[in-house]
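The lines below spell out each chain.
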Amino acid sequence: MVTGGAGYIGSHVALELLLSGYDVMILDNLSTGHRDTVDNIEIIKGGCEQVGDLHFVAGDTGDRKQLTKVMRDNPIRAIVHLAAFSQVGESMLKPGKYFENNVARAINILECMVQGHVEYIVFSSTAAVYGEPRAIPITEGHPTQPTNVYGASKLMVEELLRWYEQVHGIRHVALRYFNAAGADRSGLIGERHEPETHLIPLVIQKVMGQRPGLTVFGSDYPTPDGTCVRDYIHVSDLAQAHILALEALFKGMDSRIYNLGNGNGYTVKEVIDTVGQVTGQEVGYEIGARRAGDPALLVASSEKIQAELGWKPHFPALHEIVASAWKWHNLSGRK
């Protein structure tokens, strides 16, 4: 079962699982996910051989009765839990919304796993659990001191996982994502947030005339060009890590936490320039004030997952990531 499987990352995880031969049930309440994304997954898998079966359930992780029924009525071996609210700014305005959705509903899932005898879970966590970085690149041993409610909610779920393993034997892998970006090579599923807050789609929207302006927040950071540096990981590479994590759990691996990033940092201006190169258009922007709480540098060390699970990014170049996103925006006509 992939919760949030009609969303951006969830849809790519569901697709890669299907292409690896797994049967997948997507559970999504479509509050931020999209039903036509599930339809497009069906189209992609229809052109492939030896793929798993896809089932969609319109459901909510807040409905424990439904969750219990689904887990009892279906031979679910593992959960990939991606359903969550993820807007950092909103989390600081509406903390109750984030703790209820991200934490309380994770408890629902874990309790239903206990009742349904589901033994494994891969959890979508975040680099926001680290807070302000003390060292670059960031390893899994870095102190976890989130500076926003979103990061705190994810860290709370990591702690829940630890206790449910100790008490109930549920084994887990928590994957701490850095900046997921890009789109499936088919161009049929991609990044679609409403409202959009992520840099690459924002720049592409500006190029496509769907956004009147583009603001770079701060140009006086201690970085090569004064703008913030972030670690962008192609969403398909990120999805592959979920499969490796599941298969390791099936083979008896104990619970683990892994970072997921490219290990390469790119400045905001480098991203804008790369979009310009991919699209062949000049991208205009203005410089604004720094945003409170934006670290100058966020770059992952993914050495642990590479060494232990053999994961490696297949699309590490920023140009490839941007080109895949550009293809999706053009094919879909999405804003």
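From a predicted model like this one, the values you see are computed outputs, not experimental measurements.

## Examining the overall build of the protein
Secondary structure assignment for the protein yields eleven helices and 13 strands. In terms of overall size, the protein behaves like a compact globule, its C-alpha atoms giving a radius of gyration of 19 Å where 335 residues would be expected to give roughly 20 Å. Across its three principal directions, the C-alpha atoms of the protein cover 55 × 45 × 40 Å. Evaluated residue by residue, the protein yields a buried proportion of 53% over its 335 residues. A sequence separation of at least 24 residues applies to 80% of the contacts in the protein between residues at least 6 apart. With the model as given, the accessible surface of the protein reaches about 14,500 Å², and the carbon-plus-sulfur share is 50%. One finds the centroid of the 30 positive side-chain charges in the protein at a distance of 3 Å from the centroid of its 38 negative side-chain charges.

## Focus on helix H11 (residues 318-332)
Given a rise of 1.5 Å per residue, 15 residues ought to cover 21 Å, and the 21 Å separating the end C-alpha atoms of H11 matches this to within 8%. Packed against the buried residues of H11 are strand E7 (179-181), helix H7 (199-207), strand E9 (229-234), strand E11 (265-267) and helix H9 (268-279).

## Some points on the sheet that holds strand E5 (residues 120-126)
If you trace the seven strands from one edge of the open sheet to the other, you get E3-E2-E1-E4-E5-E6-E10, paired in parallel fashion. Where the open sheet ends on each side, the last strands, each with one partner, are strand E3 (54-58) and strand E10 (256-260). Both strand E1 (residues 2-3) and strand E2 (residues 24-28) contribute to a ladder of two bridges, which runs parallel. Bridge pairing links Val-2 to Ile-26 in E2.

## A word on the pattern of salt bridges
Per the counting criterion, the structure on display carries twelve salt bridges. Among the salt bridges present, the one from Glu-42 reaches Lys-45, with a minimum N-O distance of 3.8 Å. With Glu-42 and Lys-45 both in helix H2 (residues 35-46), this residue pair falls three residues apart, about one helical turn. Taking the relative accessible area as the measure of exposure, Lys-45 reaches 12% and is therefore buried. Between Arg-256 and Glu-308 there is a salt bridge; the shortest N-O distance is 2.6 Å. On the criterion of sequence distance, the pair formed by Arg-256 in strand E10 and Glu-308 in helix H10 (residues 303-309) is long-range, its members being 52 residues apart.

## Some details on the packing of aromatic side chains
This structure, assessed with the given rule, holds three aromatic pairs. A centroid spacing of 6.5 Å and a plane angle of 50° characterise the contact between Tyr-22 and Phe-250, whose relative ring orientation is tilted. Separated by 228 residues along the polypeptide, Tyr-22 in the loop between helix H1 (8-19) and E2 and Phe-250 in helix H8 (residues 235-250) bring together distant segments of the chain. By relative accessible area, Tyr-22 is classed as partly exposed at 25%. Here the basic side chain of Arg-77 rests over the ring of Phe-250, its NZ or CZ set 3.8 Å away from the ring centre.

## Looking at the packing of helix H5 (residues 95-116) against helix H6 (residues 149-168)
When two helices pack together, their arrangement is given by the angle between the helix axes and by the axis-to-axis distance. Where H5 contacts H6, the two axes come as close as 9 Å, and the packing angle between them is 20°. By the angle class used here, H5 and H6 are roughly parallel. H6 is crossed by H5, and the crossing has right-handed handedness. Residues Pro-95, Tyr-98, Phe-99, Asn-102, Val-103, Ala-106, Ile-107, Leu-110, Glu-111 and Val-114 of H5 form the contact with H6, whose participating residues are Val-149, Tyr-150, Ala-152, Ser-153, Met-156, Val-157, Leu-160, Leu-161, Tyr-164 and His-168. Class assignment of the residues belonging to the contact of H5 with H6 gives a composition of 16 nonpolar, three polar and one charged.

## Some thoughts on H7
H7 sits mainly inside the fold: eight of its nine residues count as buried. Every buried residue of H7 is accounted for by Leu-199, Ile-200, Pro-201, Leu-202, Val-203, Ile-204, Gln-205 and Val-207. Against the buried residues of H7 lie E7, E9, H9 and H11. Following H7 by one or two positions, Gly-209 adopts a phi angle in the positive range, close to 75°.

## With respect to the nonpolar core
If you look at the biggest cluster of nonpolar residues, it comprises 42 residues, and the most contacted ones within it are Ile-9 and Leu-260. For this core, the leading source of residues is H8, giving ten residues. Beyond its immediate sequence surroundings of up to four residues, Ile-9 is in contact with Leu-82, Tyr-177, Ala-180, Val-235 and Leu-238. Listed in part, the 25 residues of the second largest apolar core include Cys-228, Tyr-232, Ile-272 and Ala-296.

## Quick notes on the pairing of E5
Most of E5 sits out of view: seven of its seven residues are buried. Here E5 shows a buried face lined by Tyr-120, Val-122, Ser-124 and Thr-126 and a second buried face lined by Ile-121, Phe-123 and Ser-125. As defined by bridge partners, E5 adjoins strand E6 (residues 171-177) across seven bridges and the pair is classed as parallel. The residue of E6 that forms the bridge with Thr-126 is Tyr-177. Considered for its hand, the β-α-β crossover made up of E5, H6 and E6 is right-handed.

The rules behind these values
Residues numbered from 1 in each chain as written. Predicted model: local features only at pLDDT ≥ 70, side-chain atom pairs only at ≥ 80, totals over all residues. Heavy atoms only, no water. Helix = DSSP H or I, 4+ residues; strand = E, 2+ residues; numbered from the N terminus. Rg over C-alpha atoms; globule rule 2.2 N^0.38 Å. Buried < 20%, exposed > 50% of the residue type's maximum accessible area, 1.4 Å probe, protein only. Contact = heavy atoms within 4.5 Å. Areas by Shrake-Rupley, 256 points an atom, 1.4 Å probe, with all protein chains shown as cover. Lys, Arg positive; Asp, Glu negative; His and termini not counted. Charge placed at Lys NZ, Arg CZ, Asp CG, Glu CD. Expected span 1.5 Å × (residues − 1). Pairing = 2+ DSSP bridges. Salt bridge = Lys/Arg side-chain N within 4 Å of Asp/Glu carboxyl O. Phe/Tyr/Trp six-rings, centres within 6.5 Å; stacked < 30°, edge-to-face > 60°. Lys NZ or Arg CZ within 6 Å of the ring centre and 35° of its normal. Axes fitted to C-alpha atoms, helices over the stretch in contact; angles between N-to-C directions. Parallel < 35°, antiparallel > 145°, perpendicular 65-115°, else oblique. Left-handed = near helix turned anticlockwise from the far one by under 90°. Nonpolar A, V, L, I, M, F, W, Y, C, P; charged D, E, K, R; others polar. Core = buried A, V, L, I, M, F, W, Y, C linked by side-chain atoms within 4.5 Å. Right-handed = clockwise from strand over helix to strand, strands pointing away.

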